[in-house]
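Below are the chains, spelled out letter by letter.
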Amino acid sequence: MFSKKIAVLFSGSGSNLEAILSKIHGKIFNGVKLEVAVTICNKSGVYGIERAKKYGLETIIIENKNFATREEFDTALVNKIKKHGVDLVVLAGFMRILTPVFTSQIRAINLHPSLLPLFKGAHAIKESFESDMKVGGVSVHWVSEELDGGKIIAQRAFEREKDMSLEAWEAKIHAIEHEILPETIVEILTNN
Ligand code: GAR
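Because the structure is predicted, anything quoted here is derived from the model rather than measured. (Residues numbered from 1 in each chain as written. Predicted model: local features only at pLDDT ≥ 70, side-chain atom pairs only at ≥ 80, totals over all residues. Heavy atoms only, no water.)

Enquirer: Just to check I follow, could you spell out the pattern of salt bridges for this structure?
Expert: Opposite charge on two side chains permits them to pair, given that their charged atoms come into close proximity. Under the criterion given, the structure shown has nine salt bridges. Among the ionic pairs, Glu-179 bridges to Lys-23, the shortest N-O distance being 3.1 Å. Of this pair, Glu-179 sits in helix H6 (residues 166–190) while Lys-23 sits in helix H1 (residues 15–23), and the two are 156 residues apart along the sequence. Looking at Glu-179, the relative accessible area reads 39%, which means it is partly exposed. Judged by relative accessible area, which is 32%, Lys-23 ranks as partly exposed. In this structure, the salt-bridge partner of Lys-53 is Glu-50, at a minimum N-O distance of 3.9 Å. Residue Lys-53 and its partner Glu-50 are located together in helix H2 (residues 47–54), separated by three residues, close to a single helical turn. Owing to a relative accessible area of 40%, Glu-50 belongs among the partly exposed residues under this scheme. (Salt bridge = Lys/Arg side-chain N within 4 Å of Asp/Glu carboxyl O. Helix = DSSP H or I, 4+ residues; strand = E, 2+ residues; numbered from the N terminus. Buried < 20%, exposed > 50% of the residue type's maximum accessible area, 1.4 Å probe, protein only.)

Okay, structure coming up:
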């Protein structure tokens, strides 16, 4: 059986990591078995680590606070990823700005909770909610040197409901993320 390996990097709750694990990990698509070979987190004690454990995955923790520079942290990350020889790296709520040390060596995709190129950065959900846009959405893009700026692979939008709360806006975004990220990974790794 032909198989492809994925590394998932996350920083917090890990709901998108769980979506990947429950929807595609160990499953076969177009004759290709997809496997999350390694999970890496830059913070200890976050809930995503528990979610990975449920699937028998012991998350590697590389805490950015232990490194003097972004480049040193990225070097440690890259070395760990290379050891596992994965086909694709997925940033699923990985809240770090990456340097060329990472972006020039690693083929990675990132999930972002807005319709890029709008609302780049760490506060996309709140900023898009507070805008006067009638739609919100989610993007998956290739990781490049520019923060949230690489080529867009997939996007999905939803309409703002009348009197929609921030909580409802956020829930809608997460529901779409849990669909679009696993679907995009399958598309990339099984459609040559
Ligand atoms: C997701 O909404 C993801 O789009 C966002 O972090 C959240 C992680 O949730 N990522 C970014 O904002 C990247 N700039 P999760 O930990 O439950 O998967």
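Enquirer: What is the right way to read the pairing of strand E5 (residues 88–91) from this model?
Expert: A regular strand places its side chains so that they alternate between the two faces of the sheet. Side chains of E5 alternate between two faces, with Leu-88 and Val-90 and Val-89 and Leu-91 buried alike. Two strands pair when backbone bridges link them, and strand E1 (residues 2–10) and E5 are joined in this way by four bridges, in the parallel orientation. By the bridge assignment, Leu-9 is partnered in E5 with Leu-91. As paired strands, E5 and strand E6 (residues 108–112) are joined by three bridges and run parallel to one another. Paired with Val-90 across the strands is Ile-109, a residue of E6. (Pairing = 2+ DSSP bridges.)

Enquirer: Would you mind showing me how to read the site of the ligand here?
Expert: Every residue close to the ligand is listed here: Ser-13, Gly-14, Ser-15, Asn-16, Gly-93, Met-95, Leu-111, His-112, Pro-113, Gly-121, His-174 and Glu-177. One of the backbone N or O atoms of Gly-14 is found 2.8 Å from an oxygen atom in the ligand. Contact with the protein chains removes 88% of the 450 Å² of surface that the ligand exposes when unbound. Elements represented by at least two residues in the shell around the ligand include exactly H1, E6 and H6. Among the residues forming the shell around the ligand, the class breakdown is three nonpolar, eight polar and one charged. (Near = heavy atom within 4 Å. Polar contact = N/O pair within 3.5 Å; in protein donor to acceptor, adjacent residues only side chain to side chain. Areas by Shrake-Rupley, 256 points an atom, 1.4 Å probe, with all protein chains shown as cover. Nonpolar A, V, L, I, M, F, W, Y, C, P; charged D, E, K, R; others polar.)

Enquirer: Help me understand helix H3 (residues 70–83), please; the structure alone is not making it clear to me.
Expert: Residues spaced three or four apart along an α-helix point in a common direction, a consequence of the helix completing one turn every 3.6 residues. Between the first and last C-alpha of H3 there are 20 Å, a value that for 14 residues agrees with the 20 Å anticipated at 1.5 Å per step. Where H3 is concerned, the buried positions are Phe-73, Asp-74, Leu-77, Val-78 and Ile-81. Viewed along the axis of H3, the buried residues span an arc of 135°, placing them on a single side of the element. Considering only its buried residues, H3 is in contact with E1, strand E3 (32–41), E5 and helix H4 (100–103). Gly-85 lies just past H3 and shows a positive phi near 50°. (Expected span 1.5 Å × (residues − 1). Arc of directions from axis to C-beta. Contact = heavy atoms within 4.5 Å.)

Enquirer: How should I be thinking about the environment of Ile-176 in this particular structure?
Expert: Secondary-structure assignment places Ile-176 in helix H6. Ile-176 gets classed as buried once you look at its relative accessible area, which sits at 10%. For Ile-176 and Thr-69, which are 107 residues apart along the polypeptide, the C-alpha to C-alpha distance reads 34 Å. If we skip the residues at most four places from it in the chain, Ile-176 touches Val-138, Arg-156 and Phe-158.

Enquirer: Please explain the packing of H1 against H6 as it appears in this structure.
Expert: To describe two helices that pack against each other, one gives the angle between their axes and the distance between the axes. Interaxial distance between H1 and H6 falls to 9 Å at its minimum, and their mutual angle equals 55°. Between H1 and H6, the interaxial angle falls into the category oblique. Crossing of H1 over H6 shows right-handed handedness. Across the interface between the two elements, Ser-15, Asn-16, Ala-19, Ile-20 and Lys-23 of H1 pack against Glu-177, His-178, Glu-179, Leu-181, Pro-182 and Ile-185 of H6. Split by residue class, the contact of H1 with H6 holds five nonpolar, three polar and three charged. (Axes fitted to C-alpha atoms, helices over the stretch in contact; angles between N-to-C directions. Parallel < 35°, antiparallel > 145°, perpendicular 65-115°, else oblique. Left-handed = near helix turned anticlockwise from the far one by under 90°.)

Enquirer: What should I look at first to understand the nonpolar core in this one?
Expert: A general trend in soluble globular proteins is that nonpolar side chains are found buried together. Among the nonpolar cores identified, the biggest contains 36 residues, and Ile-6, Val-8, Ile-20, Val-90, Ile-109, Leu-181 and Ile-185 are the most heavily contacted of them. Counting residues per element, this core draws most heavily on H6, at nine residues. Here Ile-185 is in contact with Ile-6, Ile-20, Ile-24, Leu-88, Val-90 and Ile-109, once residues within four sequence places are set aside. Judged by nonpolar contacts, the second largest core, of 18 residues, contains Leu-9, Ile-62, Phe-94 and Ile-106. (Core = buried A, V, L, I, M, F, W, Y, C linked by side-chain atoms within 4.5 Å.)

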